[in-house]
Amino acid sequence: MRARSIGKAIRKPATGLTLGLVLLAVPATAVAGTAVAATGQAPAAAHVAAKAAAGLDDPAKKEIAMQLVSSAENSSLEWKKQYKYIEDIKDGRGYTAGIIGFCSGTGDMLDLVELYTKRKPGNILAKYLPALRKVNGSDSHAGLDPNYKKDWEKAAQDPAFQQAQNDERDRVYFNPAVKQGKADKIGVLGQFAYYDAIVMHGDGSDKTSFSGIRKRAMAQAKTPAQGGDEKSYLNAFLDARVWAMKQEEAHSDTSRVDTAQRVFLKKGNLNLNPPLDWKVYGDSYHIG
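Along each chain, the written sequence defines residue order, and numbers are assigned to residues from 1. In keeping with the predicted nature of the model, local features appear solely for residues at pLDDT of at least 70, side-chain atom pairs appear and are counted solely at 80 or more, and the whole-chain, interface and lining totals rest on all residues. The side-chain numbers reported here are obtained from all heavy atoms of the structure, hydrogens and water having been left aside.

Engineer: Residues and numbers for the environment of Asp 111, please.
Structural biologist: Every helix listed is a DSSP run of H or I at least four residues long, and every strand listed is a run of E at least two residues long, numbered separately from the N terminus. By secondary structure assignment, the location of Asp 111 is in helix α5 (residues 108-119). Placed 18 residues apart in sequence, Asp 111 and Leu 129 show a C-alpha to C-alpha distance of 9.6 Å. We call two residues contacting when some pair of their heavy atoms lies within 4.5 Å. Sequence-distant contacts of Asp 111, defined by excluding residues within four places in its chain, comprise Glu 168 and Arg 171.

Engineer: Tell me about the confidence of the model for the protein chain, and name the residues and values.
Structural biologist: pLDDT expresses how confident the predictor is about each individual residue, on a scale running from 0 to 100. Chain-level pLDDT for the protein chain is 85 on average; 82% of the residues reach the 70-or-more range. Within the model, the stretch residues 1-53 combines pLDDT values under 50 with 144 contacts to residues more than four positions away or in other chains.

Engineer: Quick one: what's the story with the pattern of salt bridges, residue by residue and with numbers?
Structural biologist: A carboxyl oxygen of Asp or Glu within 4 Å of a side-chain nitrogen of Lys or Arg is what we treat as a salt bridge. Taken as a whole and assessed by the stated rule, the structure comprises 17 salt bridges. Arg 256 is the salt-bridge partner of Glu 73, the closest N and O atoms lying 2.4 Å from each other. Separated by 183 residues along the polypeptide, Glu 73 in helix α4 (residues 59-74) and Arg 256 in helix α12 (residues 255-266) bring together distant segments of the chain. A single burial state applies to Glu 73 and to Arg 256, both of which are buried. Close ionic contact of Arg 171 with Asp 111 constitutes a salt bridge, the shortest N to O distance being 3.8 Å. Taken together, the residues span a long stretch of sequence, with Arg 171 in helix α8 (residues 159-183) and Asp 111 in helix α5 at a distance of 60 residues. Among the ionic contacts, a cluster of salt bridges with common partners joins Glu 73, Asp 196, Arg 241 and Arg 256. Only protein chains enter the accessibility calculation, which uses a 1.4 Å probe; a residue is then buried when its area is under 20% of its type maximum, exposed when over 50%, and partly exposed in between.

Engineer: So, the pairing of strand β4 (residues 276-280): which residues are in play, and what are the values?
Structural biologist: Side chains of β4 alternate between two faces, with Leu 276, Trp 278 and Val 280 buried and Asp 277 and Lys 279 left unburied. Examined bridge by bridge, β4 and strand β5 (residues 283-287) share five bridges and lie antiparallel to one another. Among the inter-strand pairings, Lys 279 is bridged to a residue of β5, identified as Ser 284. Between β4 and β5, which pair antiparallel one after the other, the connecting turn spans two residues, and Tyr 281 there sits at a positive phi close to 55 degrees. By the convention used here, strands pair only if DSSP detects at least 2 bridges between them.

Engineer: Any details on α12? Residues and values, ideally.
Structural biologist: When we look at burial in α12, the residues that qualify are Ser 255, Arg 256, Val 257, Ala 260, Gln 261, Arg 262, Phe 264 and Leu 265. On its buried face, α12 is in contact with α4, α9 (188-201), α11 (230-245) and β4. Looking at the residues trailing α12, positive phi occurs at Gly 268, about 75 degrees.

Engineer: Can you break down the packing of aromatic side chains residue by residue, with the values?
Structural biologist: Between the rings of Phe, Tyr and Trp (Trp by its six-membered ring), a pair exists once the centres lie within 6.5 Å; its type follows the angle of the planes, with under 30 degrees stacked, over 60 edge-to-face, and the other angles tilted. Per the stated rule, a full pass over the model turns up 13 aromatic pairs. For the pair Tyr 116 and Phe 161, a centre-to-centre distance of 4.7 Å together with 40 degrees between the ring planes defines the contact as tilted. Of this pair, Tyr 116 sits in helix α5 while Phe 161 is found in helix α8, placing the two residues 45 residues apart along the sequence. With a relative accessible area of 0%, Phe 161 lands in the buried category.

Engineer: Could you give an account of the sheet that holds strand β1 (residues 86-88), with specific residues and numbers?
Structural biologist: Overall, antiparallel pairing links the three strands, which are arranged β1-β2-β3 in an open sheet. Each of the sheet's edge strands pairs with one partner strand only, and the pair in question is β1 and β3 (102-103). Of the strand pairs in this sheet, β1 and strand β2 (residues 95-97) are connected by three bridges, and their pairing is antiparallel. Bridging from a neighbouring strand, Glu 87 pairs with Thr 96 of β2.

Engineer: Mind laying out the side chain of Ser 209, listing which residues take part and the relevant values?
Structural biologist: Within the secondary structure, Ser 209 is located in the loop between α9 and α10 (210-218). Here Ser 209 falls in the buried class, since its relative accessible area comes to 0%. With residues near it in sequence (within four places) discarded, Ser 209 still touches His 201, Gly 202, Asp 203 and Gly 204.

Engineer: So what about the environment of Ile 100? Which residues, and what values?
Structural biologist: Of note, Ile 100 is situated in the loop between β2 and β3. Owing to a relative accessible area of 0%, Ile 100 belongs among the buried residues under this scheme.

So, in structure tokens, the structure goes:
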């Protein structure tokens, strides 16, 4: 695995499923057919409605998103193997762990363990809550060592903890990215670009946060919601993303944009339809 530092944290996503099989489960024609049956719309109108409703939150597209992020964060497409991941990658954010790189120094790990404990009091990580509150905002391991890592790995075998990771990923990163993407009227690829950015940079008021990147892009091109061209806007967003990445040495390799997202955009694959071929850090990946 290749550990890297990301704006808010480091990440580690991945899935063991074969995307091609997952994608077959939700063909657009099936969605359209369902829409006709449910609404009585003419086939053409139903197809338009189905297309308009499609987004990164479609289960098959979300699986693609998790695999794409995992290729950059884990050098693997198997994001579900990362629930147990935990290490200090020496990026100033303490421990980085789980499917989306929850960090002991940035608050999202604390939120995760609090949620897990609310759902399952007395779990193996609950005893670390006081320490997690104290180390938040620092790279300290005080109160966590020597057993936190092994206890995290044990907790990761619990479906309740896995679900808590999924839910916090969605609440903090995935859902906000998709919501903003839909508001800007960008498609699946654009929503993924938003998601990947918020995963790496977090959100906030600074220029290198997701909101800062979006603001920089909008200064160069209008969003489709503003009447702009989608490809032009996404090019501006990716330019702004690369700029933000280069502001920190740990992000200086921009291949997750240059040889992945930009490749899909140049091909006009705004819906992230497979087959997908891309590279990250020189490694090649394929979703069929």
